Amino acid sequence: MVRKKNCIITGGTSGLGLALVKKFINNSFLVHIIAKDNKKIQKLVNYFYERDIKSFKFYQADLAEENELNKVILQIKNLDKIDVLINNAGALFLKREVNSKGIEKTFAVNYLSHFYLTISLIDLMKKTKNSRLINISSMVHKFAKLNLNDMNFSKNYNGYVAYFNSKLMNLLFSYKINRIYYNYINCNVIHPGWLNTNFGSNNQSSIRFLLDFVKDKFAKKPSYVADEIYNICTAQEYLNYSGKYFVKNNITKSSDLSYREDLQDELWEKSLKMINM
């Protein structure tokens, strides 16, 4: 009996994450889903059971909380291999919120949790032939105003800038991973585009309602982007590309800041200290 390949997806109960979960399950992967909302988890479990789908496993955790993520990491480390890791989960907090350790949540969820998850599983990925790592960024990283001396955004908080910064950090982190582990892991970054999802629904504003209306008319379906990401994660041709930034399946240049190795190194070192590694 051939053992299924393992795919780990964060934020897999809605939007792009859910589309990715379905895509990988439909292509014979065992999908490990890390998600926060128990109601969404149970709804998806029922959906799978009704269709006699068994190739999934859920891990409930708030990615903003390091102790919750650590419990998940300990479980995932029992796997014999990790073929694909997709750091997909994302959040936007227009008003500054902090976790139990006082860390700003946009930074914690969008970047630091994925850094912690990846670093913790890196040895397992190194042992897996042709392992793929995908980090989700966005073209808005070009609007970042990154201050590595205040990654926690403790002064003059702006929710949108915090989000932009997190997407730049995902690029810096990905390029650093590629510099270190190029011979072991195929690591790329994706700009998924404007998607018709519930992203940002935790924030209430008149602007959001207007965006929701426009989004229904013009935004892309998550399933289309899931197809693109699946292709990058599985096609043999993409093994020739690592440390790249993809927009619509095309290699694209990211911002000049994202290629600065001094920023990559500084972010890496400060992030290690924040997760006590």
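All of these numbers come straight from a predicted model, not from anything done at the bench.

Time to look at the nonpolar core. Generally speaking, nonpolar side chains in soluble globular proteins are found buried as a group. In terms of nonpolar packing, the biggest core is built from 54 residues, with Ile34, Ile76, Ile82, Tyr111, Phe115, Ile177 and Trp268 touching the most fellow members. It is helix 4 (residues 105–126) that contributes the most residues to this core, 13 residues altogether. If near-sequence neighbours (up to four positions away) are discounted, Tyr111 is found in contact with Thr106, Ser166, Met169, Asn170, Phe173, Leu267 and Ser271. Formed by 34 residues, the second largest nonpolar core is a distinct cluster that contains Leu20, Ile136, Ile190 and Phe246.

Glancing now at the pattern of salt bridges. For side chains bearing opposite charge, pairing can occur when the charged atoms are close. By the definition in use, this model includes twelve salt bridges. Asp52 is paired through a salt bridge with Lys54; the nearest N and O atoms lie 3.9 Å apart. A relative accessible area of 58% means that Asp52 is categorised as exposed. Classification of Lys54 by relative accessible area gives exposed; the value is 64%. A salt bridge links Asp256 to Lys253, with the nearest nitrogen and oxygen atoms 2.5 Å apart. Overall, Asp256 belongs to the exposed group, its relative accessible area being 58%. The network of salt bridges with common partners includes Lys176, Arg179, Glu261 and Asp265.

Turning next to the packing of aromatic side chains. In total, this model carries 18 aromatic pairs according to the counting rule given. For the ring pair Phe56 and Phe58, a centre distance of 5.8 Å and an interplane angle of 70° mean the geometry is edge-to-face. Taken together, a centroid distance of 5.7 Å and an interplanar angle of 70° make the contact between Tyr238 and Phe246 edge-to-face. For the residue pair Tyr238 and Phe246, the accessibility class agrees, reading buried in each case. These aromatic residues form a ring-pair network of at least three members: Tyr47, Phe48, Tyr49, Phe56 and Phe58. Directly above the ring of Tyr230 sits Lys23, whose terminal nitrogen or CZ lies 5.4 Å from the centroid. In this structure, Lys126 is placed above the aromatic ring of Tyr184, and the distance from its NZ or CZ to the ring centre is 4.9 Å.

What counts as what
Residues numbered from 1 in each chain as written. Predicted model: local features only at pLDDT ≥ 70, side-chain atom pairs only at ≥ 80, totals over all residues. Heavy atoms only, no water. Core = buried A, V, L, I, M, F, W, Y, C linked by side-chain atoms within 4.5 Å. Buried < 20%, exposed > 50% of the residue type's maximum accessible area, 1.4 Å probe, protein only. Helix = DSSP H or I, 4+ residues; strand = E, 2+ residues; numbered from the N terminus. Contact = heavy atoms within 4.5 Å. Salt bridge = Lys/Arg side-chain N within 4 Å of Asp/Glu carboxyl O. Phe/Tyr/Trp six-rings, centres within 6.5 Å; stacked < 30°, edge-to-face > 60°. Lys NZ or Arg CZ within 6 Å of the ring centre and 35° of its normal.

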